[in-house]
There are 2 protein chains.
Amino acid sequence: MGKAWATFGVDLHLEPAAAGAGGLRRGLTDALRDAVRTGRLAQGTRLPSSRSLAADLGIARNTVAEAYADLVAEGWLTARQGSGTRVAERAVTPPPAAPAAPRRREPGRPALSLVPGTPDLAAFPRTAWLKAARRALATAPFQALDYGDPRGARELRTALAGYLARARGVRADPDSIVITAGFSHALQILGRVLRARGVRTVAVESYGLDVHWSLLRDAGLTTSALPFDELGTDTSALAGEGAVLLTPAHQFPMGVPLHPDRRSAVVDWARRTGALILDDDYDGEFRYDRQPVGALQGLAPDRVVHLGTASKSLAPGLRLGWMVLPPSLLDEVTAAKGRIDTCGVLDQLTLAEFITSGAYDRHVRSARLRYRRRRDALTTAVADHAPEVRVSGIAAGLHAVLSLPPGTEQSITQAAAWQGLALHGLSSYRHESAVAEHTDALVVGYGTPPDSAWAGALEALCRVLP
Amino acid sequence: MGKAWATFGVDLHLEPAAAGAGGLRRGLTDALRDAVRTGRLAQGTRLPSSRSLAADLGIARNTVAEAYADLVAEGWLTARQGSGTRVAERAVTPPPAAPAAPRRREPGRPALSLVPGTPDLAAFPRTAWLKAARRALATAPFQALDYGDPRGARELRTALAGYLARARGVRADPDSIVITAGFSHALQILGRVLRARGVRTVAVESYGLDVHWSLLRDAGLTTSALPFDELGTDTSALAGEGAVLLTPAHQFPMGVPLHPDRRSAVVDWARRTGALILDDDYDGEFRYDRQPVGALQGLAPDRVVHLGTASKSLAPGLRLGWMVLPPSLLDEVTAAKGRIDTCGVLDQLTLAEFITSGAYDRHVRSARLRYRRRRDALTTAVADHAPEVRVSGIAAGLHAVLSLPPGTEQSITQAAAWQGLALHGLSSYRHESAVAEHTDALVVGYGTPPDSAWAGALEALCRVLP
């Protein structure tokens, strides 16, 4: 009894009508035909042997063989010596799909993109990553595959604590780190924690990502923009907000570091009011000419949440980010994450191995070199083709801001779209409550294209610049 | 300028005091010493070459070389021909760790476990998984590494749609599937969606997992227990609840399938009242003697959310689960997931490859055979050692219920703990509002131990049975 379940093959769920009119054979034939007709059994699927299915269903083998023969005769199945019984090709009539929303065809889906926000995905270190995955899987004890620590795999938190202290000046120990599925996941969690603490308003920068503001709004929080001027975000304007979300190392998208006076101002404000600083250190690894600006967290580990991500240094698809938390937030954040780790342990162990083996440093240094070359090519090309366009925010990161003559931003991004180049204007990063006068500009993500598309993207950009 | 950033080596963040008393050399020496003393630079860490660090900091190479020499002289660093400058061993005085909460030592941390909820993790198919990972990574286009579809990777949703239709009788197409980080993540999302729809109460079973009820409570929902009797959960008692959470294929932990009359009753109720059925199909793959009970979803795809997971068939650490959703819920669920996929794409592509290559079916069939042998050994051993103990819920799944004489449950689980065996009594799975008379029983997870510990766990169990 049940021996068939040990047979290697495919599982097949069927509910033949109980022996009624026509008996078991008829019931089985109908059930199989129905499964094929509705597409539940895909074309070409190999069916279990009649012996195996008979044992699974607890009926005679002959009954199954006869039902198969009936359906072969009807054309639903095919039987060939050596390849068993399969669902016939073209037997399936899939249910009609819902009509897709008509795609706007003009100006056509851009083939090239300089939209910021992703690194060059074609340069993902697949071989080194797979090597780390193999080593991580070979050495992990079987208990590592169980439900894990809700804060994330200890191996990764330990590797990150060492790396962040060394490379970013963050004061971290493994117990103060919580792994998340990227920055957005962390912001979602923090939004819920802040709201539960009674926070109503979070100060944000005049320029940033709407998707982040939306996540805070989803948590029931209002976002209000701080002024922005030539010294960067003006943190002296902070007042009764319960928290502030900043990109101090490299303002996104403007590209400047937070002025030292304003770094002090925000820390003083947080200490005075008990508010929290969310330090979005999204691309801290990428700076080109000098020592990077240290993470704000080093100044006030009790008031700053340091937020990092593998999305820019490796790939967004990994869905791995981290928070370094003040001790007072740890329990609330862990509970808000859902009491259970939501990040796959295999990728976490792989990233830990990737960092401790030195592969991460090697990858970042090599990527930095490539991106710096692109940045240099961008500034040179713009100087040649559009000498009146000023390029800024180029000391670090994977994007630059190109100033434009007033009133030209929208027509230039549209012209780019017609050329097959996706390009974002600065206005799409402006907070609705920003007070600074709007400047026409482009935010050019020179890290985005693969090497093979980079020259073409740069050419297309130069063609549309004034 | 900046050439050093291309050097392969480690990144080192330092903030030497600006040239003040003692100049640059003194500032750098202090900063390095501080980094070593506080443990920010771990013992044995190799420092960048003086040329590289000088370029990074924008100072003269000699200044760095002199600072290194000072610290070697002070014993903080070591310099050896060929291995560069490193942080000296034992130079580090790590900050004192917070005192750990005293661990209760009696009766000692159990070495063996028959707690249900996890499969045999030592049997995770590491080689086959890694092979699938290699193939998935080799064939994925680079765009797959970008921020993905918030519903999850299309490749996995397609593979699951085929598998669930074939093996579990689920009517699914890739567009109606949302990938989650396991069942708990799905329940968290559904809880928020139900609450936002105005649902206040979710009916649950008299026996189940407290962690699931907690997740619903976290979302602001009340849980109320349905009666349980010899026919299983009594769904005819459903009234004005907005949803019901059920384990119809194999009640957890009682082990019975939902009675056909009660399957009809719950579907009728959902159709009549517009409520939703959450079908927790947690171990649908594991049944031993006959055709499994089909997923409830096939009866009413418009009212049932089918919930599956790789936690029992592969490992919880993968953090991969799925929901098959009625079309009317799709947008709300995707938005509640956070508009962005939270599951790593590499594991998703690997699982897709694992399913479509047939490795998943092979693994499930082989695991089924092993678990059935354990189940048979358990029933035989109990019949031999404790003939008055009734074993039930054994047709499927990775656990069984062992009835006990009234009043003995707690003393038996305690005796087991003293023997080094972790064992759960039925009472820990009882909902606070359950009305059924309490029965003393054990819930024995025979799938939990690795093969090497199984015989010992079974022996320890038999020793404590009455």
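Residues numbered from 1 in each chain as written. Chains lettered and ligands numbered in written order. Predicted model: local features only at pLDDT ≥ 70, side-chain atom pairs only at ≥ 80, totals over all residues. Heavy atoms only, no water.

### Regarding the overall build of chain A
- Each helix and strand counted, chain A has 13 helices and 17 strands in total.
- Here the C-alpha radius of gyration of chain A, 29 Å, is well above what a compact globule of 466 residues would show, namely 23 Å.
- Seen through its C-alpha atoms, chain A measures out along the principal axes to roughly 85 × 50 × 40 Å.
- Within chain A, buried positions represent 59% of all 466 residues.
- Of the contacts formed within chain A by residues at least 6 apart in sequence, a portion of 73% connects residues at least 24 apart.
- Carbon and sulfur atoms make up 53% of the accessible area of chain A, which totals about 18700 Å². (Helix = DSSP H or I, 4+ residues; strand = E, 2+ residues; numbered from the N terminus. Rg over C-alpha atoms; globule rule 2.2 N^0.38 Å. Buried < 20%, exposed > 50% of the residue type's maximum accessible area, 1.4 Å probe, protein only. Contact = heavy atoms within 4.5 Å. Areas by Shrake-Rupley, 256 points an atom, 1.4 Å probe, with all protein chains shown as cover.)

### A few points about the interface of chain B and chain A
- Facing 92 residues of chain B, the contacting portion of chain A comprises 92 residues.
- Our enumeration of links across chain B and chain A arrives at one salt bridge.
- Listing elements by their share of the side of chain B that touches chain A, those giving two or more residues are α2 (50-57), α4 (126-139), α5 (154-168), α6 (183-196), α7 (210-218), α9 (330-337), α10 (345-356) and α11 (359-385) of chain B.
- Of the residues contributing to the side of chain B that touches chain A, the split by class is 43 nonpolar, 23 polar and 26 charged. (Salt bridge = Lys/Arg side-chain N within 4 Å of Asp/Glu carboxyl O. Nonpolar A, V, L, I, M, F, W, Y, C, P; charged D, E, K, R; others polar.)

### Let's talk about the domain arrangement of chain A
Residue and element names in this part refer to chain A.
- Split by domain assignment, chain A resolves into domain 1 (6-87), domain 2 (112-117 + 362-464) and domain 3 (122-358).
- The distance between the C-alpha centroids of domain 2 and domain 3 comes to 25 Å.
- With 34 residues of domain 2 in contact, the opposing surface of domain 3 contributes 35 residues.
- The tally of links between domain 2 and domain 3 comes to zero salt bridges.
- At the junction of domain 2 with domain 3, the criterion picks out 14 residue pairs in polar contact (both at pLDDT 80 or more).
- Residue contributions to the side of domain 2 that touches domain 3 peak at nine residues, all from helix α11 (residues 359-385). (Domains from an automatic or database assignment. Polar contact = N/O pair within 3.5 Å; in protein donor to acceptor, adjacent residues only side chain to side chain.)

### Here's the deal with the packing of helix α10 (residues 345-356) of chain A against α11 of chain A
All names here are of chain A.
- Where α10 contacts α11, the axes come no closer than 4 Å and their chain directions differ by 75°. The angle between α10 and α11 falls in the class roughly perpendicular. Contacts between α10 and α11 involve Leu351, Phe354 and Ile355 from the former and Ala359, Tyr360 and His363 from the latter. (Axes fitted to C-alpha atoms, helices over the stretch in contact; angles between N-to-C directions. Parallel < 35°, antiparallel > 145°, perpendicular 65-115°, else oblique.)

### Points about the pattern of salt bridges
All names here are of chain A.
- Under the counting rule described, the total for this entry stands at 39 salt bridges over all chains.
- Measuring nitrogen to oxygen at the nearest pair gives 2.7 Å for the salt bridge that ties glutamate 332 to arginine 197. Separated by 135 residues along the polypeptide, glutamate 332 in helix α9 (residues 330-337) and arginine 197 in the loop between α6 (183-196) and β5 (201-204) bring together distant segments of the chain.
- On the basis of relative accessible area, glutamate 332 is assigned to the partly exposed category, the value being 31%.
- Linked through salt bridges whose partners overlap, the residues forming this network are Asp149, Arg151, Arg154, Arg157 and Asp175.

### Things to note about the packing of aromatic side chains
- Summed over the entire model, instances satisfying the criterion amount to 16 aromatic pairs over all chains.
- For the pair tyrosine 163 of chain B and tyrosine 360 of chain B, a centre-to-centre distance of 5.1 Å together with 85° between the ring planes defines the contact as edge-to-face. Of this pair, tyrosine 163 of chain B sits in helix α5 while tyrosine 360 of chain B sits in helix α11, and the two are 197 residues apart along the sequence. Just as tyrosine 163 of chain B is buried, tyrosine 360 of chain B falls in that class too.
- Taking the centre distance of 6.5 Å and the plane angle of 85° together, the rings of phenylalanine 354 of chain B and tyrosine 360 of chain B count as edge-to-face.
- Ring pairing ties together the aromatic residues Phe124, Trp129, Tyr163, Phe354 and Tyr360 of chain A, which thus form one cluster.
- Directly above the ring of tyrosine 371 of chain A sits arginine 370 of chain A, whose terminal nitrogen or CZ lies 5.9 Å from the centroid. (Phe/Tyr/Trp six-rings, centres within 6.5 Å; stacked < 30°, edge-to-face > 60°. Lys NZ or Arg CZ within 6 Å of the ring centre and 35° of its normal.)

### Some points on the relation of the copies chain B and chain A
- In screw terms, the move from chain B to chain A is a rotation of 180° and a rise of 0.0 Å along the axis, fitting with an RMSD of 0.1 Å. Here the two chains are linked by the operation of a two-fold rotation axis.
- A symmetric contact is evident, with 100% of the interface residues of chain B recurring at the interface of chain A. (Least-squares fit on C-alpha atoms with pLDDT ≥ 70 in both.)

### Here's the deal with the state of the cysteines
- All chains considered together, the criterion is met by zero disulfides over all chains.
- Here cysteine 343 of chain A is not cross-linked by a disulfide; its sulfur's nearest cysteine counterpart is in cysteine 343 of chain B, at 8.8 Å.
- Exposure remark for cysteine 343 of chain A: the relative accessible area of 3% places this residue in the buried category. (Disulfide = S-S within 2.5 Å.)

### A short note on the sheet that holds β5 of chain A
Residue and element names in this part refer to chain A.
- The strand order β4-β12-β11-β10-β9-β5-β6 describes an open sheet built from seven strands, whose pairing is mixed. The sheet is open, and its two edges are formed by β4 (177-180) and β6 (222-225), each paired on a single side. In this sheet, neighbouring strand axes are inclined to one another by 20° on average, regardless of whether the strands run parallel or antiparallel.
- Note that strand β9 (residues 243-246) and strand β10 (residues 276-280) share four bridges and pair parallel. Residue pairing across strands places leucine 245 opposite leucine 278, the latter belonging to β10. (Pairing = 2+ DSSP bridges.)

### Let's talk about the nonpolar core
- Membership of the largest hydrophobic core comes to 72 residues, with the highest contact counts inside it found for Leu351, Leu402 and Leu461 of chain A.
- Those residues in contact with leucine 351 of chain A that sit more than four places away from it in its chain are Trp129, Leu156, Leu314, Leu320, Trp322 and Tyr360 of chain A.
- Counting 71 residues, the second-largest nonpolar core is a separate cluster that includes Ala295, Phe354, Val382 and Ile412 of chain B. (Core = buried A, V, L, I, M, F, W, Y, C linked by side-chain atoms within 4.5 Å.)

### Remarks on the pairing of strand β14 (residues 400-403) of chain B
Residues and elements named next belong to chain B.
- Residues Ala400 and Leu402 of β14 are buried on one face, and the alternating residues Val401 and Ser403, pointing to the opposite face, are buried as well.
- Here strand β13 (residues 391-392) pairs with β14 via two bridges, running antiparallel. The partner of valine 391 across the bridge, within β14, is leucine 402.
- The pairing of β14 with strand β17 (residues 441-444) spans four bridges and is classified as antiparallel. Residue pairing for β17: leucine 402 is matched across the bridge by leucine 442.

### As for the sheet that holds strand β14 (residues 400-403) of chain A
- Across the sheet, four strands lie side by side as β13-β14-β17-β16 (chain A); this open sheet has antiparallel pairing. Because the sheet does not close on itself, it has two edges, and the strands there are β13 (391-392) and β16 (424-425) of chain A.

### Things to note about unusual backbone geometry
All names here are of chain A.
- Cis geometry marks the peptide bond from phenylalanine 252 to proline 253, where omega comes out at 5°.
- Relative to the helices and strands, proline 253 resides in the loop between β9 and α8 (260-273).
- The backbone phi angle of arginine 319 is positive, close to 50°, even though this residue is not glycine.
- As for its placement among the helices and strands, arginine 319 is situated in the loop between β11 (304-309) and β12 (321-324).
- The class of arginine 319 is buried, set by a relative accessible area of 4%.

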